Amino acid sequence: MAEINERASTSLDCPPTPAPPMVSDEMRRLSAEMHNKVSAYIQGQIEGTIDDYKLLEDMNKTSTQRYADMKQVTKRVSEKITELNKKYDAIHPFLDQIDEIDQATKRLEEAAAVLGNYVSGLGTVSCIHTMASELENFMNKMISIITGDGRSLVGTMKGFDQTVNVILEDATERIYSEESGIQQVPLGLYLVRGDNVAVIGEIDEELDKRLDLDKVKAAPLAPIWIAS
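The chain is annotated in an unreviewed UniProt entry as U6 snRNA-associated Sm-like protein LSm8 of Steinernema hermaphroditum. The Subcellular location (unreviewed entry) field of the UniProt record for the chain holds the comment "Nucleus".

Caption draft 1: Quick look at the overall build of the chain. Within the chain one finds three helices and five strands. In the chain, the succession of helices and strands from N to C terminus is α-α-β-β-β-β-β-α. Long-range pairs, those at least 24 residues apart, make up 57% of the contacts in the chain with a sequence separation of at least 6. Accessible surface for the chain amounts to roughly 18000 Å². Of this, 59% is attributable to carbon and sulfur atoms.

Caption draft 2: How the structure looks around the pairing of strand S2 (residues 152-160). As defined by bridge partners, strand S1 (residues 142-147) adjoins S2 across five bridges and the pair is classed as antiparallel. Bridge pairing links isoleucine 145 to leucine 153 in S2. Counting the residues that bridge the hairpin from S1 to S2 gives four residues, and of these glycine 150 lies at a positive phi of roughly 85°. Sheet topology note: the S2/strand S3 (residues 166-175) ladder contains six bridges and is antiparallel.

Caption draft 3: Local environment of the nonpolar core. Ranked by size, the top nonpolar core spans 13 residues in total, and within it Leu135, Ile143, Ile145, Met157, Val166, Leu168 and Ile200 carry the most contacts. The dominant element in this core, judged by the number of residues it contributes, is S3, at three residues. When sequence neighbours within four positions are dropped, the list of residues in contact with isoleucine 145 reads Arg151, Ser152, Leu153, Val166, Leu168, Val192, Val197, Val199 and Ile200.

Here is what the cut-offs are and how they apply
Residues numbered from 1 in each chain as written. Predicted model: local features only at pLDDT ≥ 70, side-chain atom pairs only at ≥ 80, totals over all residues. Heavy atoms only, no water. UniProt positions renumbered as here; feature names shortened; annotations may be inferred. Helix = DSSP H or I, 4+ residues; strand = E, 2+ residues; numbered from the N terminus. Contact = heavy atoms within 4.5 Å. Areas by Shrake-Rupley, 256 points an atom, 1.4 Å probe, with all protein chains shown as cover. Pairing = 2+ DSSP bridges. Core = buried A, V, L, I, M, F, W, Y, C linked by side-chain atoms within 4.5 Å. Buried < 20%, exposed > 50% of the residue type's maximum accessible area, 1.4 Å probe, protein only.

Listed below in structure tokens is the structure:
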């Protein structure tokens, strides 16, 4: 028994603890400096990461707000389009009526133009017949004719018809000038078309003979219209 206790006492003996190594002050300083630098680096990384997360959070909030605003704008635009479509559907029958009125107005204008040409033709015919009835008084008399294209013709009227075509004997054309006297161009027997007759009048032959046409100065006649 004593032998067993001796063996147990022997087995329970622990090895001696080694002495702690000697650490110099320089190593402590370097270790502390390294610890501080590593801590500062890790702290900087953590702060940078935090800033990045804050920036992402702000961007997400801004994007969310923008999307919400766009959603509201889209909703309002959609409502306006729907409202405009309803208004268009409401006024569409009136637009059709306006188109019909416009077409009717065009047809009325065309009819008015045709009627105006017809009335103008009636007036021209009436004027021609009235003038033709008056020309009988000028037969075999010296007359002056002013044409629509601005010519002055003088001669003895020898004939006419119902459309006021006039035949002149010993006809001359008198050309006026502000610089020289009246030039007289002999035409002989001459036919004046009725659609070119603007004015017809009888000339006092005695008075006309006493005029010195070479000394009469006047501006040339301007065309009244151009005969077709």
